[in-house]
Amino acid sequence: RCGGKFVQNVESGDRVGVILDRTCMYAEQGGQIYDTGYITVNNSDSGILINNIQVKAGYIIHKGIVEGSLSVGDIVKISFDEDRRRKIMNNHTATHLLNYALRKHCSGQADQKGSLVTDDKLRFDFSYKTPLTDAQLEGVDQVVSEFIAENGIVYAKEAPLGIAREIQGLRAMFDETYPDPVRVVSVGIDVDTLTADPSAPAGSVTSVEFCGGTHLKRAGHMNTFTVVSEKPIAKGIRRILAVTGAEAAAAVARGEAMQAESDAITAQIEGGQYEYKKIIGEVNTLIQSNDKSVIPAWRRDRIRDHMSGIKARLDKAKNESEKGLATENAAEIASLIAKNKDAPVIVEVLKTKGTSKGISEGLKTMRKKAPETAAVIMAVNDDDVFFHCLVPKKLSSGVGLRADEWLATFSGMLGAKCGGKDLYAQGSGKGAAQVEKALNLAKQYADSKMK
């Protein structure tokens, strides 16, 4: 079929749909993506690059782009992308094991609502009222990993629908219409054993499903499995994304590296040897990269919860520390006022570790106790520099001493952000090593105005 109609011949560049008398390619159905590959005309270079396969009215339609020329009746050879098919097989068998694992860790309340199996991931929708905990997600990974370690045979065989429906532990979407006989896929226990005594408990200890898709020969062939995402998509419906094989191994490795980073930050904090600004930056960076990384979902949740707790703890410690520092700063400024009671100008750097709030509180006292005094007070906290400037109205209007201009004389060397007007201004920057130079510039400006 080409251009919306059936034709006898097609040429290079034509987009076509082809029906064959038989095929080894898998058409998209049952939640599994289609195969891709190539159809080659015997004894010819002509063929079709197949990029989609669908089932229409019971016929399998191979869709693709023609290279060369083809005609109805040509004898052809079919080749599908084996590497891609292998990854799809990995993910389809993993979908069955995931379904079983959810039953174990969700108290039998998780029922399949849909799935999609592709070569790079598997998607599984299921009914469940609440988000899965990190323990549940880890448990799901462990159950599937145990199947992989046991390396059980993946059995697939047709059975009478009436008998197959009675298999204990069977997972199926019972609102679906299944053929009779139906294909049963079981991991580790052969289908004949299950159908011989459907009421026996054998089916309850493994994955048993109705399925027409492609699967591995043994569970261990997928090598690695992990859930990388779990989220809601509708009320009472949640979606899992998972990966297998090399993709899963890479996700696990990334998760372990992220955990090592979390452990290193935690050890640094527990040892008490850290600078707040640096460590909080590391914590925030880890939280952000953790949320964006493709790693095991249970580990992501655990790292996020732990780092969020660490962040809250650091912020609380910082706030408590700053309260104490603010009190010390205000007391030191009060002492400066007492020592320089009649001085028209005070330009000083606090000896105590400083905070912007501490300087602000101290200058409130200065307004009351030394209303005629102008001041620039600086304070250093690690490499951060805070500074506030207070100018009485009498000096501002009398000699042109303005707070905003005063700060502008030295704030540039500190890369500072400043704000304020003629009577009060403040700012903060970096460069504790530059404070003495900044102090001298502030004094020079004041001297120039007070002459």
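The structure contained in this document is the topic of the report that follows. (Residues numbered from 1 in each chain as written. Predicted model: local features only at pLDDT ≥ 70, side-chain atom pairs only at ≥ 80, totals over all residues. Heavy atoms only, no water.)

1. Notes on the overall build of the chain
Note the cut-off: Strands are runs of DSSP state E lasting at least 2 residues, helices are runs of H or I lasting at least 4, and numbering of each runs from the N terminus. The globule rule is 2.2 Å times the number of residues to the power 0.38, and the radius of gyration it is compared with is taken over C-alpha atoms. For every residue, the accessible area obtained with a 1.4 Å probe (protein chains only) is divided by the maximum for its type, and the residue is called buried under 20%, exposed over 50%, and partly exposed between those limits. Note on definitions: a residue-residue contact is assigned when non-hydrogen atoms from the two residues lie within 4.5 Å. Working definition of accessibility: Shrake-Rupley area with a 1.4 Å probe, residue cover restricted to the visible protein chains. A positive count includes Lys and Arg, and a negative count includes Asp and Glu. His and the chain ends are not counted in either. Here the site of a charge means NZ on Lys, CZ on Arg, CG on Asp, or CD on Glu.
Of regular secondary structure, the chain possesses 11 helices and 19 strands. Relative to the compact-globule value of 22 Å for 451 residues, the chain shows a C-alpha radius of gyration of 36 Å, a clear excess of over 25%. Dimensions of the chain along its principal axes, counting C-alpha atoms only, are 105 × 60 × 35 Å. Among the 451 residues that make up the chain, the fraction classed as buried is 44%. A separation threshold of at least 6 residues defines the contact pool for the chain, and within that pool the share at least 24 residues apart is 68%. Carbon together with sulfur atoms contributes 50% to the accessible area of the chain, which is approximately 22700 Å² in total. Taking the average place of the 59 positive charges on the side chains of the chain and the average place of its 57 negative ones, the gap between the two points comes to 8 Å.

2. Quick look at the packing of helix H2 (residues 134–150) against helix H7 (residues 297–339)
Test applied: Inter-axis angles, ranging from 0 to 180 degrees, are taken between N-to-C directions of lines fitted to C-alpha atoms, where helices are fitted over the stretch in contact. Oblique is the label for any angle not under 35 degrees, not over 145, and not in the 65 to 115 range, which are roughly parallel, roughly antiparallel and roughly perpendicular in turn. Crossings are assigned a handedness: left-handed for a near helix turned anticlockwise from the far helix by less than a right angle, right-handed for a clockwise turn. Residues are grouped as follows: nonpolar covers Ala, Val, Leu, Ile, Met, Phe, Trp, Tyr, Cys and Pro; charged covers Asp, Glu, Lys and Arg; every other residue, Gly included, is treated as polar.
Viewed as axis vectors pointing N to C, H2 and H7 meet at an angle of 155°, and their least axial separation amounts to 8 Å. Taken together, the axes of H2 and H7 are roughly antiparallel relative to one another. As for how H2 packs across H7, the hand of that crossing is left-handed. Contact residues: H2 offers Asp134, Ala135, Leu137, Glu138 and Asp141, while H7 offers Ala297, Trp298, Asp301 and Arg302. Looking at the contact of H2 with H7, its residues break down into four nonpolar, no polar and five charged.

3. Description of the environment of Met222
With respect to the secondary-structure elements, Met222 resides in the loop between strand S12 (208–210) and strand S13 (225–234). Judged by relative accessible area, which is 0%, Met222 ranks as buried. Expressed as a C-alpha distance, the spacing of Met222 and Arg86, which sit 136 residues apart in the sequence, is 9.1 Å. Sequence-distant contacts of Met222, that is, excluding residues within four places in its chain, are made with Arg86, Asn90, Thr93, Ala94, Leu97, Ile148, Leu216, Thr244 and Gly245.

4. As for the packing of helix H5 (residues 245–270) against helix H6 (residues 276–292)
Where H5 meets H6, the axes come as close as 11 Å, and the angle between the chain directions of the two elements is 160°. Viewed along their axes, H5 and H6 adopt a mutual orientation that is roughly antiparallel. Between H5 and H6 the crossing geometry is left-handed. Between H5, through Met258, Glu261, Ser262, Ile265, Gln268 and Ile269, and H6, the contact on the second element is made entirely by Ile279, Glu282, Val283, Leu286, Ser289 and Asn290. Looking at the contact of H5 with H6, its residues break down into six nonpolar, four polar and two charged.

5. Things to note about the environment of Val391
With respect to the element layout, Val391 can be found in the loop between strand S17 (384–390) and helix H9 (393–399). Looking at Val391, the relative accessible area reads 2%, which means it is buried. Each C-alpha atom of the pair Val391 and Met378 lies 15 Å from the other, and the pair is 13 residues apart in sequence. Beyond its immediate chain neighbours, meaning those up to four positions away, Val391 contacts Ala374, Ser396, Leu401, Arg402, Ala403, Trp406, Asp422 and Leu423.

6. Overview of the sheet that holds strand S19 (residues 424–430)
The condition is simple: Whether two strands pair comes down to DSSP finding at least two bridges between them.
Here we have five strands laid out as an open sheet, ordered S15-S16-S17-S19-S18, and mixed in their pairing. The two strands at the open ends of the sheet, each matched to only one other strand, are strand S15 (345–349) and strand S18 (417–420). Strand-to-strand twist in this sheet, taken as the mean axis angle between neighbours without regard to direction, amounts to 10°. Relative to S17, strand S16 (residues 374–381) runs antiparallel, the two sharing seven bridges. Counted as the bridge partner of Val376 is Cys389 from S17.

7. Section: the packing of aromatic side chains
For clarity, the threshold we go by: For this analysis, a ring pair means two rings from Phe, Tyr or Trp (six-membered ring only for Trp) whose centres lie within 6.5 Å, classed as stacked if their planes differ by under 30 degrees, edge-to-face if by over 60, and tilted for the remaining angles. Two conditions define a charge located above a ring, namely a distance within 6 Å from the ring centre to NZ of Lys or CZ of Arg, and an angle within 35 degrees of the ring normal.
Counted under the stated rule, the structure contains five aromatic pairs. For the pair Tyr178 and Phe210, a centre-to-centre distance of 5.0 Å together with 75° between the ring planes defines the contact as edge-to-face. Of the two residues, Tyr178 sits in the loop between helix H3 (161–164) and strand S11 (182–187) while Phe210 sits in strand S12, which places them 32 residues apart along the sequence. Owing to a relative accessible area of 19%, Tyr178 belongs among the buried residues under this scheme. Judged by relative accessible area, Phe210 falls into the buried class, the value being 7%. For the ring pair Trp406 and Tyr445, a centre distance of 6.3 Å and an interplane angle of 35° mean the geometry is tilted. Residue Trp406 is found in helix H10 (residues 403–408), and its partner Tyr445 is found in helix H11 (residues 435–450); the two are separated by 39 residues along the sequence. Like Tyr445, Trp406 is buried. Sitting over the ring of Phe6, Arg1 keeps its end group 4.9 Å from the ring centre.

8. Re the environment of Thr40
With respect to the secondary-structure elements, Thr40 resides in strand S3 (residues 37–41). On a C-alpha basis, the gap between Thr40 and Ser79 in space is 8.1 Å, while along the polypeptide they are 39 residues apart. Thr40 has contacts with Ser46, Gly47, Ile75, Val76 and Lys77, leaving out every residue within four places of it along the chain.

9. Considerations on the nonpolar core
What counts is decided by this rule: In this description, a nonpolar core means a group of buried Ala, Val, Leu, Ile, Met, Phe, Trp, Tyr and Cys residues linked to one another through side-chain atoms lying within 4.5 Å.
Among the nonpolar cores identified, the biggest contains 33 residues, and Leu98, Leu102, Phe126, Phe225 and Val227 are the most heavily contacted of them. For this core, the secondary-structure elements that each account for two or more residues are helix H1 (82–105), strand S9 (122–127), H2, S11, S13, strand S14 (237–244) and H7. When residues in this core are grouped by element, the largest group, seven residues, is from H1. With near-sequence residues (within four places) excluded, Val227 lies in contact with Leu98, Leu137, Val140, Asp141, Ile240, Leu241, Ala242, Ile295, Pro296 and Ala297. Among the nonpolar cores identified, the runner-up in size contains 23 residues, and Val347, Phe387, Val391 and Ala438 belong to it.

Function cannot be inferred from these measures alone, as they are strictly geometric.
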